[in-house]
Each structure stands twice: as structure tokens, then as C-alpha cells.
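Inside the fold
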Amino acid sequence: MSDRAVATDAQPAQTNAGGPPPAATVPDPRPLRLARQVALSVWFWPTAFAALAVGWRLGSPEMWHDELVTIDVATRSTGQILGMLANVDAVHGAYYLFMHGWTMLLGTGPAAVRLPSALAMVLATACVALAGRRLFDHRTGVAAGFVFALLPTVTRFGQETRSYAFVVLGAAAATLFLLRALERPGFLRWAAYALAVAGTGLVNVVALTMLLGHGVAVLIHCWRERRWWSVAWFTLATAAGAAIAAPVILRGMKQAGRQISWIPDSSPWTVWEQVYGSTLIAVAVTALAVVGLLTHLRRDALARTLSAALIAALPVPVILVAATGDINYFFSKYLLFLMPAWAVLAGAGLAALRRPPLVAVALVVVAALSVPGQLAMRDEYSHGWYTYPQARAFKPLSYSEAAQVIEAGYQPGDGLAAGGPWWWMHEPGVRYYLPADVSPRNVFQQRSAAQRNELFAADCGNPARCLRDEPRIWVLLPTVTDAPLTGLSKKQAAALTERYEVVTVTHVTGLTVALLQRRG
């Protein structure tokens with residue numbers, strides 16, 4: 001039977017005696033036209049790829065110290081968060097408050113708490129593609145979006161429960177909004193730019209060095225157009241954005257000595273590799289950016305090309321000079337905000353190939369170069385390896401394995417003693433992976449971190465008086481040792497030695513879990 005016969009049988013002819021023939025039903029073309037426009041837009045395919053790349057194994061890597069700090073602070077009350085920010089971590093305050101609301105709605109599961117960062121990086125990809133189109137052309141925008149989404153650090157920090165993805169989004173959005181405001185000035189466009197500047201300053205003060213490149217770009221534009229009103233608009237917008245972020249900036253400056261004085265000095269190229277999360281990608285993107293700059297230094301594109309180059313490069317020497325003081329600001333995670341601008345220049349370098357097949361092949365090569373970094377940053381303990389591709393700064397810690405040990409042997413009434421520096425977050429980390437009904441009391445804790453408006457708790461001055469005749473006590477240490485009591489303070493070890501004996505010692509990745517039982 002023919003297809004035509006089937007169609008005829010399925011829809012028999014209707015008689016309409018004496019009347020005009022029925023009008024043919026024509027599907028509304030508007031949804032199809034909209035879908036086609038979206039599919040052909042400069043941002044769609046890079047953004048879709050970024051969503052897949054960032055979403056891959058989103059909840060799989062083990063939580064690490066910084067993420068556990070975020071969860072610990074975000075799950076406190078609003079008053080407790082504000083009280084802590086007066087003492088420490090003011091620079092992360094806006095992010096903590098946002099995550100406080102987020103966790104109240106969606107909980108604290110690994111994928112749930114990492115989802116905001118993933119969404120931020122996906123939106124940043126769209127901003128990169130749109131900025132690339134405005135600075136150069138459609139082909140550059142698409143290539144820039146894909147380059148950005150292929151950077152190992154983009155997908156890595158798009159999966160971290162910290163504010164770095166929001167910093168990148170703020171910088172990318174600010175650049176895009178600036179270009180839109182220069183293209184067609186208006187109050188709403190400059191207001192959007194001011195809000196992007198404020199948002200960036202609220203999550204990372206160092207990223208505000210982007211304003212130097214933005215300011216020079218505004219001057220170049222005004223000189224070229226022979227109209228100077230944009231200078232006034234830019235000044236007002238940056239002043240408004242800085243004013244909104246001023247409380248965080250001022251408080252953060254006072255706390256800087258405590259928070260980031262630990263950052264070691266490293267060579268600029270070492271840090272540059274870490275910013276990309278790959279030596280190969282660092283070389284490739286830097287080289288492509290140079291090609292993009294050189295191939296667009298022609299009369300009709302000179303102003304836009306110089307603006308793009310200054311936005312990407314000008315913050316680097318400024319931060320390097322600032323890092324010569326007592327505090328090192330030239331740190332890989334603090335420089336991630338530069339990646340959108342460098343991706344745009346690299347996209348311009350790829351677009352210089354002109355023919356779409358050649359651009360596609362070049363993007364495949366970039367993707368291949370990114371594979372080692374992408375795989376390394378999807379490892380189970382990859383989130384603690386923020387120095388990649390250099391050696392780890394510290395060995396991995398498996399809080400989940402330690403939690404499994406305690407859960408398997410837990411009995412109601414058990415206590416817990418945690419030794420070692422608090423910044424390993426080993427006790428909060430293990431508690432994060434323990435079920436809600438497995439919650440041994442910290443026998444030596446006098447006041448919790450939330451009660452102290454701090455990041456760490458306070459222990460009893462007299463440990464022996466803090467014990468409550470617990471039948472068993474778990475000892476948790478952020479190291480591997482067969483003598484668990486040596487990891488506690490002398491007073492704590494003496495109090496436990498007098499009343500308890502070590503029954504079992506279990507080693508997991510980077511941690512020691514020991515079980516003590518009461519004598520007699």
C-alpha cells in the first residue's frame with residue numbers, strides 16, 4: 001500500500017456540500033522561526049557544550065576544605081553568618097548569604113551545592129560568546145565561547161562550592177554590558193554595567209582591576225567616535241558599583257592579613273599554567289590570543305582589537321606589582337576572572353582561519369589538548385588539587401571513607417575527639433558524609449564555630465572535666481598514624497589515656513580513625 005493511500009485512509013475526505021472548501025491548517029511558523037534563531041545564535045552551541053561539560057560528574061568529586069567551609073557557614077542562621085563576617089571571610093559574605101538561601105531550598109547534597117557555580121559558568125560562556133561577536137564578529141564569538149568552555153579550570157571551578165565561578169560571571173557580564181553601553185548608550189545599559197561591577201566587587205576585590213582595561217577601552221571608543229559622554233557615564237557607573245561593594249572591600253582589606261597571608265610566591269608562568277589548569281592549554285590559548293591580536297591590527301578593527309587586548313592583559317602587571325608587598329595577590333584562583341577576555345582573543349585567533357571547517361578542526365585540536373587537564377580535574381580528589389598541573393599542595397583527604405568507618409561501628413552514646421589543625425575541616429567533612437542519626441558528641445568542644453562567630457570551634461581548657469563517661473570515643477586525625485593519641489593536645493591525650501584504651505586504628509585516604517573504649 002502506498003504512503004499516499006495510508007494518508008488517505010487515515011484522514012478520509014470530508015464532504016462540504018454547498019459550502020466553500022475548508023481552509024488548510026497551516027502550522028504557526030513562529031515557534032519554528034524562534035527555534036531556528038536560537039540554534040543559529042552565537043551563544044547557543046558554546047553554552048550547550050559548557051552545560052554538558054560542567055554538568056559531567058557534578059556531584060562525584062570528594063568535598064574538600066573550602067567547600068566544607070561554605071557548607072558549614074551557609075547552614076548557620078543569618079545572624080550567625082553576619083556575626084562571623086565581622087571577624088573573618090567578609091569577602092565571601094555575599095556568596096555565603098546566597099548559599100544560605102540556596103541550601104534552605106535545595107539542601108546540601110554535593111550536586112545541589114555545586115549547581116549555582118555550574119549555572120554561573122554556563123552564563124559566563126554565553127557572555128563570552130556575545131562579547132566576542134561585539135568586539136569582532138559572529139565566527140569569533142562562537143569560537144571564543146567554545147575555547148572558554150574547554151578550559152579545564154572553567155569546568156573545574158564550575159563544580160566547586162565557592163564563589164570563583166560568580167567572579168568569572170561578573171567579569172564576563174561586566175565586559176559584555178560595557179560593550180553594549182558603548183554601542184548604544186542608555187541609562188539601563190549603564191545601570192546593568194554598574195550592577196555587574198558591584199557583583200564582581202562583592203565576591204572578589206582583585207577582579208576589580210578589570211576596570212583599568214575597561215577605562216582605557218572607553219577612552220579609545222570616545223576618541224574614535226569623538227564623543228566623550230561615555231566617559232562620564234563610565235565614571236558614574238563604576239563609582240556606583242564600587243560604592244555598593246565598598247563595605248565588603250573595606251572589611252576585606254582589614255581581614256586580608258589573616259586570610260591570604262599564607263599564599264606562597266610562585267613564578268608568573270607557573271601561576272599562568274594553574275589559571276588554565278593545563279600547560280598545553282595555557283600555551284595554546286596564549287598563542288592564539290597573540291595571533292588574534294596580530295591578525296586584527298588593521299584600520300577598521302584597530303580600536304576594538306586594542307580594547308580587547310587591554311581588557312585581557314592590563315590587570316596582569318597591576319596585580320603583579322601589588323603582589324610585591326606583604327600579601328601575594330598573584331594567585332591562580334584570583335586570576336580566573338581574566339579567562340573570558342583571553343578566550344575572546346583566542347577566539348579571534350581561531351577565526352583568522354576564516355573557513356568554518358578549519359575553525360572546527362582547530363577547536364577539535366584545542367579540545368584534545370584539554371583532555372588531560374579535564375580528566376585530572378574530574379578525579380575523585382581533584383578539588384583539593386588547585387595547583388594542577390603542578391604537584392599537589394597537600395595529600396588528599398577522604399572524609400567519606402572515614403565516615404563509613406564510623407558509621408559501620410557507631411553505637412549510641414559514642415563521643416568524638418578531633419585532633420590536628422582545624423583548617424583541614426576533617427570533623428565537619430566527616431559529619432557531612434555521616435547520616436543524620438550518627439552524630440557523636442565532640443567531647444572536648446566547649447563552643448562551636450557558629451557560637452564563636454568564627455570558622456573554628458573552641459576546646460575545653462580542662463579536657464578531663466569535659467568528658468561525660470562516654471563508653472567509647474572515636475578519634476579523628478588529618479594524618480596517617482598508628483599512635484592516634486599523639487595527634488591530640490597533651491592535656492587531651494592524658495585525659496583519654498587515663499580512662500580509655502585504643503581498640504582499633506583504621507587508616508583511610510589521608511586520615512586516621514581510631515576507636516577508644518572505656519577501661520573496666
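Conventions and cut-offs
- Residues numbered from 1 in each chain as written.
- Predicted model: local features only at pLDDT ≥ 70, side-chain atom pairs only at ≥ 80, totals over all residues.
- Heavy atoms only, no water.
- Helix = DSSP H or I, 4+ residues; strand = E, 2+ residues; numbered from the N terminus.
- Buried < 20%, exposed > 50% of the residue type's maximum accessible area, 1.4 Å probe, protein only.
- Areas by Shrake-Rupley, 256 points an atom, 1.4 Å probe, with all protein chains shown as cover.
- Lys, Arg positive; Asp, Glu negative; His and termini not counted.
- Charge placed at Lys NZ, Arg CZ, Asp CG, Glu CD.
- 1 Å grid on protein atoms, 1.4 Å probe; cavity = no way out; pocket = protein on both sides within 12 Å on 5 of 7 lines; lining within 4 Å.
- Points joined across faces, edges and corners; volume = space filled by probe spheres on them.
- Nonpolar A, V, L, I, M, F, W, Y, C, P; charged D, E, K, R; others polar.
- Expected span 1.5 Å × (residues − 1).
- Bend = angle between axes of the 7 residues up to and from the residue.
- Salt bridge = Lys/Arg side-chain N within 4 Å of Asp/Glu carboxyl O.
- Phe/Tyr/Trp six-rings, centres within 6.5 Å; stacked < 30°, edge-to-face > 60°.
- Disulfide = S-S within 2.5 Å.
- Pairing = 2+ DSSP bridges.
- Contact = heavy atoms within 4.5 Å.
- Axes fitted to C-alpha atoms, helices over the stretch in contact; angles between N-to-C directions.
- Arc of directions from axis to C-beta.
- pLDDT = per-residue confidence, 0-100.
- Core = buried A, V, L, I, M, F, W, Y, C linked by side-chain atoms within 4.5 Å.

**Description of the overall build of the protein chain**
Along the protein chain, the regular secondary structure elements total 24 helices and seven strands. Here the protein chain holds 520 residues, and 50% of them are scored as buried. With an accessible surface of roughly 24100 Å², the protein chain has 63% of that area assigned to carbon and sulfur atoms. Separation between the mean location of the 42 positive side-chain charges and that of the 30 negative ones in the protein chain comes to 11 Å.

**A few points about the layout of surface pockets**
For the largest pocket, the calculated volume is near 1100 Å³. Lining the largest pocket are 40 residues, with H92, Q259, I260, W262 and Y334 sitting closest to its centre. Breaking the lining of the largest pocket down by element, the ones donating at least two residues are α4 (65-74), α13 (229-260) and α17 (315-322). Taken as a whole, the second largest pocket encloses approximately 810 Å³ of empty space. Lining of the second largest pocket is provided by 32 residues; of these, E427, P428, N442, Q445 and A457 occupy positions nearest its centre. Broken down by secondary-structure element, the contributors of at least two residues to the lining of the second largest pocket are α4, α21 (426-433), β2 (441-442) and α22 (449-452). A per-element tally of the lining of the second largest pocket places α21 first, with five residues. Partitioned by chemical class, the residues of the lining of the second largest pocket number 15 nonpolar, 11 polar and six charged.

**Observations regarding α13**
Structurally, the α-helix is built with 3.6 residues per turn, so residues lying three or four positions apart point the same way. Spanning 32 residues, α13 covers only 40 Å between terminal C-alpha atoms, well under the ideal 46 Å at 1.5 Å per step. The sharpest bend along α13 comes to roughly 55°, located at A245, with the proline P247 sitting one to four residues further on.

**Things to note about the pattern of salt bridges**
A full pass over the atoms with the stated rule returns 15 salt bridges. The salt bridge involving R472 is made with D414; its shortest N-O contact spans 2.8 Å. With R472 in strand β5 (residues 472-477) and D414 in the loop between α20 (399-409) and β1 (415-418), this pair connects stretches of sequence that are 58 residues apart. D414 matches R472 in its accessibility class, with the two residues each being buried. Connected via shared salt-bridge partners are R134, E183 and R189.

**Comments concerning the packing of aromatic side chains**
All chains considered together, the criterion is met by 22 aromatic pairs. Seen from their ring centres, W64 and Y386 are 5.7 Å apart, and the 35° between their planes marks the pair as tilted. On the criterion of sequence distance, the pair formed by W64 in the loop between α3 (44-55) and α4 and Y386 in the loop between α19 (356-376) and α20 is long-range, its members being 322 residues apart. Here the aromatic rings of W64 and F394 are separated by 6.1 Å at their centres, their planes lie at 20°, and the arrangement is stacked. Here the residue W64 occupies a position in the loop between α3 and α4, and F394 occupies one in the loop between α19 and α20, the gap between them amounting to 330 residues. Judged by relative accessible area, W64 falls into the buried class, the value being 6%.

**Details of the state of the cysteines**
Per the stated rule, a full pass over the model turns up one disulfide. Disulfide partner of C460: C466, at an S-S distance of 1.9 Å. Note on the C460 and C466 pair: the S-S dihedral is about -120°, so by sign convention the disulfide is left-handed. Taken as a pair, C460 and C466 share a single burial class, namely buried.

**Some details on the sheet that holds strand β7 (residues 511-518)**
A sheet is described by the order of its strands in space; here five strands give the open sequence β2-β1-β5-β7-β6, paired in mixed fashion. The outermost strands of the open sheet, each flanked by one partner alone, are β2 and β6 (500-508). Here β5 pairs with β7 via six bridges, running antiparallel. Note that in β7 the partner of R472 across the bridge is Q517. Along the sheet, helix α24 (residues 490-499) contacts β5, β6 and β7; its crossing angle with β6, the most-contacted strand, is approximately 120°.

**Thoughts on α20**
Among all positions in α20, only Y399, S400, A402, A403 and I406 are buried. Buried residues along α20 cover an arc of 155° about the axis, so they all sit on one side. Among the exposed residues of α20, those pointing more than 90 degrees away from its buried face are Q404 and A408.

**Overview of the confidence of the model for the protein chain**
Here the protein chain averages 93 in pLDDT, and 95% of its residues register 70 or above. Note on residues 1-18: pLDDT is under 50 here. Beyond four places in sequence and across chains, it has four contacts.

**Remarks on the environment of L485**
Mapped onto the elements, L485 comes out in the loop between β5 and α24. Note: C-alpha distance between L485 and R441 (44 residues apart in sequence) is 18 Å. Discounting chain neighbours no more than four positions away, the residues touching L485 are A493, L496, T497 and L516.

**Notes on unusual backbone geometry**
Most peptide bonds take the trans form, and the phi angle of most residues other than glycine is negative. Of note, the bond from Y388 into P389 is cis; its omega dihedral lies within 30 degrees of zero at 15°. Here P389 lies in the loop between α19 and α20. The phi dihedral of R226 is positive, around 60°, even though this residue is not glycine. A relative accessible area of 55% places R226 in the exposed class. We note that D469 has phi near 60°; this positive angle belongs to a residue other than glycine. Structurally, D469 is set in the loop between α23 (463-466) and β5.

**Remarks on the nonpolar core**
Counting 96 residues, the largest nonpolar core has F148, Y193, Y276 and F337 as the members making the most contacts within it. The element contributing the most residues to this core is helix α10 (residues 164-183), with 14 residues. Ignoring sequence-local partners within four residues, the contact set of F337 consists of V167, V168, A171, V206, A207, T209, M210, P315 and I319. Core analysis: the second largest hydrophobic core is formed by 33 residues, V69, M84, Y96 and M425 among them.

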